[in-house]
Amino acid sequence: MENIIKDIDIISPEEAQACDFKTTEEENTGKSKKLYIESYGCQMNFSDSEIVASIMKENGFDTTSDFEQADVIFLNTCSIREKAEQTVRNRLNHFNSVKKNKPELTIGVLGCMAERLKDKLLEEEKIVDVVVGPDAYRDLPNLVASAEEGNKGVNTFLSREETYADISPVRLNSNGVTAFISIMRGCDNMCSFCVVPFTRGRERSRDPHSIVNEAQELFEKGYREVTLLGQNVDSYKWSPEENNKARLNKKEGEVSKVVNFANLLEMVALIDPKLRIRFSTSHPKDITDEVLYTMKKYDNICKYIHLPVQSGNSRVLELMNRTYDREWYLDRVRAIRKILGEECGISSDMIAGFCTETEEEHQDTLTLMDIVKYDFSYMFYYSERPGTLAAKKFADDIPLEIKKRRLAEIIEKQNQLSLERNKLDIGKIQEILIEGTSKRSEAQLKGRNSANKVVIIPNDGLLQKGDYVQVRILDCSAATLFGEIAS
């Protein structure tokens, strides 16, 4: 099992609760102060950190990659899994030891964990100076200034309007080729295992013209791929009069026009044929045939959909409050295959060992995987999050060793399916966007195909980041395709 997991380049069962993170890079434009941000969790958090960096840059801060050089340290946090919160707590303890020798240092917690634990972090543990939720980043300069004067700063107000549409993000950890664009904020789905509706508020959609302008500017700067981000992109819905989806639904007949996600996709696709478009995340209850046909219409909309299922069993899905059942999900997969073809990449999220899950219901997840044949998946065992509906209503009654065993079986199944799907690409010629050199060797280049698969090719010295190239696939592993430039 260890070799299998290592080969697929994904997390082991023991590490499955772990959390990805990124830090700011060194920037020296002559600003008077330095800002260091560590971002944890999802791409939405990484995108938010770019907004924060932009706001702080306008207020006298360059970014730094060395927290010991920082005047302000922000941890942009995730509450999805317990491991992420524990990691942040460990980092806060470390930064506070630094602060003992540098008392003027300001430490702040941003994002979902700030929203959930503001009182504990500020008053009980007294380990931070500033606590700011995802909708209050415009207030950061004022809160930091207040903290510098010895006062605690807190703003965790959840907005029904804020989208940061007018802020041009500072690109952090960028390869100069791919970028993320936030198109909406919040979530109206109340999945019983998830804290996001409580930490990010209600859904509201960003002005589509500001999205198109941001994508256009990125293209002009040399970027060749954008990913449109939202907790549930398929429920994107905007009008000039109202950007809050819940309110818009009530007065749709009263507004001048409505832009849905399919409309937005087309608007971004029309910027330039050489700008690739991806999106994440889709919800099975909301993804429409209109979106699929729009993807089919434009070659530069990548043929890849992240469609989280969470469980293959209808009873468990009902407990999770996913608002669809197994057959509904499989119907959406059939629509994807019918409209976009067998080559369209599909990935998923899966949770092993949700409350009361039986062995037979776990097997339903494995059989669904066999039917869908995911290209890859993000797989975790269930971790109860305080404040969620599941924590209030259900006992977390599956022993940890059973959760880990079920997760290991899901991982092994996905490894088999990933290899099976990748073997279908051998011999085919695919268009690849070059993202840079391979991590393993400067003699190799790394890129991705339309289905979001990593492709490694020899570095001929002529190709540059951002180039498109036709590649013949020669070999594969469960995680990677290997090819050569097609003559």
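Residues numbered from 1 in each chain as written. Predicted model: local features only at pLDDT ≥ 70, side-chain atom pairs only at ≥ 80, totals over all residues. Heavy atoms only, no water.

Chemist: What is the right way to look at the overall build of the chain in this model?
Modeler: A tally of helices and strands in the chain yields 15 helices and 22 strands. Buried positions account for 58% of the 487 residues belonging to the chain. Counted over contacts in the chain with a minimum sequence separation of 6, partners at least 24 positions apart contribute 72%. As presented, the chain carries roughly 20400 Å² of accessible surface, and 48% of it is formed by carbon and sulfur atoms. (Helix = DSSP H or I, 4+ residues; strand = E, 2+ residues; numbered from the N terminus. Buried < 20%, exposed > 50% of the residue type's maximum accessible area, 1.4 Å probe, protein only. Contact = heavy atoms within 4.5 Å. Areas by Shrake-Rupley, 256 points an atom, 1.4 Å probe, with all protein chains shown as cover.)

Chemist: Explanation requested: the sheet that holds strand S19 (residues 444-448) in the structure shown.
Modeler: The pairing of strands in a sheet comes from backbone hydrogen bonds and takes either a parallel or an antiparallel form. Pairing in this closed barrel of five strands is mixed, and the strands run S18-S19-S20-S22-S21 around the ring. Ignoring which end each strand starts from, the neighbouring axes of this sheet average 55 degrees apart. (Pairing = 2+ DSSP bridges. Axes fitted to C-alpha atoms, helices over the stretch in contact; angles between N-to-C directions.)

Chemist: I would appreciate a short explanation of the pattern of salt bridges in the present structure.
Modeler: All chains considered together, the criterion is met by 33 salt bridges. Between Arg-406 and Glu-357 there is a salt bridge, and its shortest N-O distance comes to 2.9 Å. Linking Arg-406 in helix H15 (residues 400-423) with Glu-357 in the loop between strand S16 (345-352) and helix H13 (359-372), this pair joins segments that are 49 residues apart in sequence. Both residues of the pair, Arg-406 and Glu-357, belong to the buried class. (Salt bridge = Lys/Arg side-chain N within 4 Å of Asp/Glu carboxyl O.)

Chemist: Honestly, the environment of Asn-189 in this entry has me stumped. Any pointers?
Modeler: Looking at where Asn-189 falls in the secondary structure, it is placed in the loop between strand S9 (184-185) and helix H6 (196-200). Note on Asn-189: relative accessible area 10%, which makes it buried. Residues Asn-189 and Gln-231 lie 42 residues apart in sequence; the distance between their C-alpha atoms is 9.3 Å. For Asn-189, the contacting residues outside a window of four places in its chain are Pro-197, Glu-203, Asn-232, His-283 and Lys-285.

Chemist: How do you make sense of the packing of H13 against H15 when you look at a structure like this?
Modeler: Interaxial distance between H13 and H15 falls to 10 Å at its minimum, and their mutual angle equals 15 degrees. The pairing of H13 with H15 is recorded here as roughly parallel in orientation. For the element pair H13 and H15, the recorded crossing hand is right-handed. Together, Glu-359, His-362, Gln-363, Thr-365, Leu-366, Met-369 and Asp-370 of H13 and Ile-402, Arg-405, Arg-406, Glu-409, Ile-410, Lys-413, Gln-414 and Leu-417 of H15 make up the contact between the two elements. For the contact of H13 with H15, the per-class residue count stands at five nonpolar, four polar and six charged. (Parallel < 35°, antiparallel > 145°, perpendicular 65-115°, else oblique. Left-handed = near helix turned anticlockwise from the far one by under 90°. Nonpolar A, V, L, I, M, F, W, Y, C, P; charged D, E, K, R; others polar.)

Chemist: Honestly, the sheet that holds strand S11 (residues 225-229) in this entry has me stumped. Any pointers?
Modeler: Taken together, the three strands give an open sheet; going across it, the order is S8-S11-S14, and neighbouring strands pair in parallel fashion. This sheet does not close on itself; its edge strands, each paired only once, are strand S8 (178-182) and strand S14 (276-280). Adjacent strand axes in the sheet meet at a mean angle of 25 degrees when their direction is disregarded. Across five bridges, the pairing between S8 and S11 is parallel.

Chemist: Which parts of the structure should I look at to understand the nonpolar core?
Modeler: Soluble globular proteins tend to bury their nonpolar side chains together. Counting 73 residues, the largest nonpolar core has Leu-228, Phe-261, Val-268 and Phe-354 as its most contacted members. Take this core: its biggest share by element is seven residues, from helix H12 (residues 326-340). Those residues within four positions of Phe-354 in sequence are excluded, and the remaining contacts are Ser-192, Phe-193, Val-316, Leu-319, Met-320, Tyr-382, Ala-390, Phe-394 and Ile-398. (Core = buried A, V, L, I, M, F, W, Y, C linked by side-chain atoms within 4.5 Å.)

Chemist: I tried to follow H12 on my own but got confused; where do I start?
Modeler: Since one α-helical turn is 3.6 residues long, residues separated by three or four positions face the same way. For H12, spanning 15 residues, the distance from its first C-alpha to its last is 21 Å, which sits close to the expected 21 Å at 1.5 Å a residue. Every buried residue belonging to H12 is among Arg-326, Tyr-329, Leu-330, Arg-332, Val-333, Ala-335, Ile-336, Arg-337, Ile-339 and Leu-340, and all of these are buried. In this fold, the buried residues of H12 make contact with helix H10 (289-297), strand S15 (304-306), helix H11 (314-319), S16, H13 and H15. With its phi angle positive at about 95 degrees, Gly-341 sits one or two positions after the end of H12. (Expected span 1.5 Å × (residues − 1).)

Chemist: Looking at this structure, I do not really get the layout of surface pockets. What am I missing?
Modeler: To find leftover empty space, a probe the size of one water molecule is rolled over the atoms. Quantified by volume, the second largest pocket comes out at close to 570 Å³. Lys-303, Gln-430, Glu-431, Ser-450 and Ala-451 are, among the 22 residues lining the second largest pocket, the residues nearest its centre. Looking at which element gives the most residues to the lining of the second largest pocket, the answer is strand S18 (residues 429-437), with three residues. Classifying every residue of the lining of the second largest pocket gives seven nonpolar, four polar and eleven charged. (1 Å grid on protein atoms, 1.4 Å probe; cavity = no way out; pocket = protein on both sides within 12 Å on 5 of 7 lines; lining within 4 Å. Points joined across faces, edges and corners; volume = space filled by probe spheres on them.)

Chemist: Could you clarify how one ought to interpret the pairing of S18 in this entry?
Modeler: Residues in a regular strand project their side chains so that they alternate between the two faces of the sheet. Across five bridges, the pairing between S18 and strand S21 (residues 468-476) is antiparallel. Across the sheet, residue Ile-432 finds its bridge partner in S21, namely Val-469. Bridge count for S18 against S19 is four bridges, and the pairing is antiparallel. Counted as the bridge partner of Thr-437 is Leu-445 from S19.

Chemist: Help me out: how do you make sense of the packing of aromatic side chains in this one?
Modeler: The description of an aromatic ring pair uses the distance of the two centres, along with the angle that the planes make with each other. Across all of its chains, the model carries nine aromatic pairs by this definition. Considering the side-chain rings of Tyr-36 and Phe-67, the 5.9 Å spacing of their centres and the 65 degrees angle between planes classify their relative orientation as edge-to-face. Of the two residues, Tyr-36 sits in strand S2 (residues 33-40) while Phe-67 sits in the loop between strand S3 (61-63) and strand S4 (72-77), which places them 31 residues apart along the sequence. On the accessibility criterion, Tyr-36 (3% relative accessible area) is buried. (Phe/Tyr/Trp six-rings, centres within 6.5 Å; stacked < 30°, edge-to-face > 60°.)

Chemist: Would you mind showing me how to read the side chain of Arg-406 here?
Modeler: Judged by relative accessible area, Arg-406 falls into the buried class, the value being 4%. Those residues within four positions of Arg-406 in sequence are excluded, and the remaining contacts are Ala-352, Gly-353, Glu-357, Thr-358, Glu-359, His-362 and Ile-398.

Chemist: Would you mind going over the side chain of Asp-62 with me for this structure?
Modeler: Looking at the secondary structure, you find Asp-62 in strand S3. Here Asp-62 sits buried without a salt bridge, and the closest side chain of opposite charge, Lys-34, lies 4.6 Å off (N-O distance). Looking at Asp-62, its side chain comes within polar contact range of the main-chain nitrogen of Lys-31, at 3.2 Å. Asp-62 has contacts with Glu-27, Asn-28, Thr-29, Gly-30, Lys-31, Lys-33, Lys-34 and Leu-35, leaving out every residue within four places of it along the chain. (Lys, Arg positive; Asp, Glu negative; His and termini not counted. Polar contact = N/O pair within 3.5 Å; in protein donor to acceptor, adjacent residues only side chain to side chain.)

Chemist: What should I look at first to understand the confidence of the model for the chain in this one?
Modeler: Low pLDDT means the predicted coordinates in that region are not meant to be read closely. Per-chain confidence: the chain averages 87 in pLDDT, with 90% of residues scoring 70 or above. Per-residue pLDDT stays below 50 along residues 1-19; that stretch engages in 46 contacts with residues further than four places along the chain or on separate chains. (pLDDT = per-residue confidence, 0-100.)

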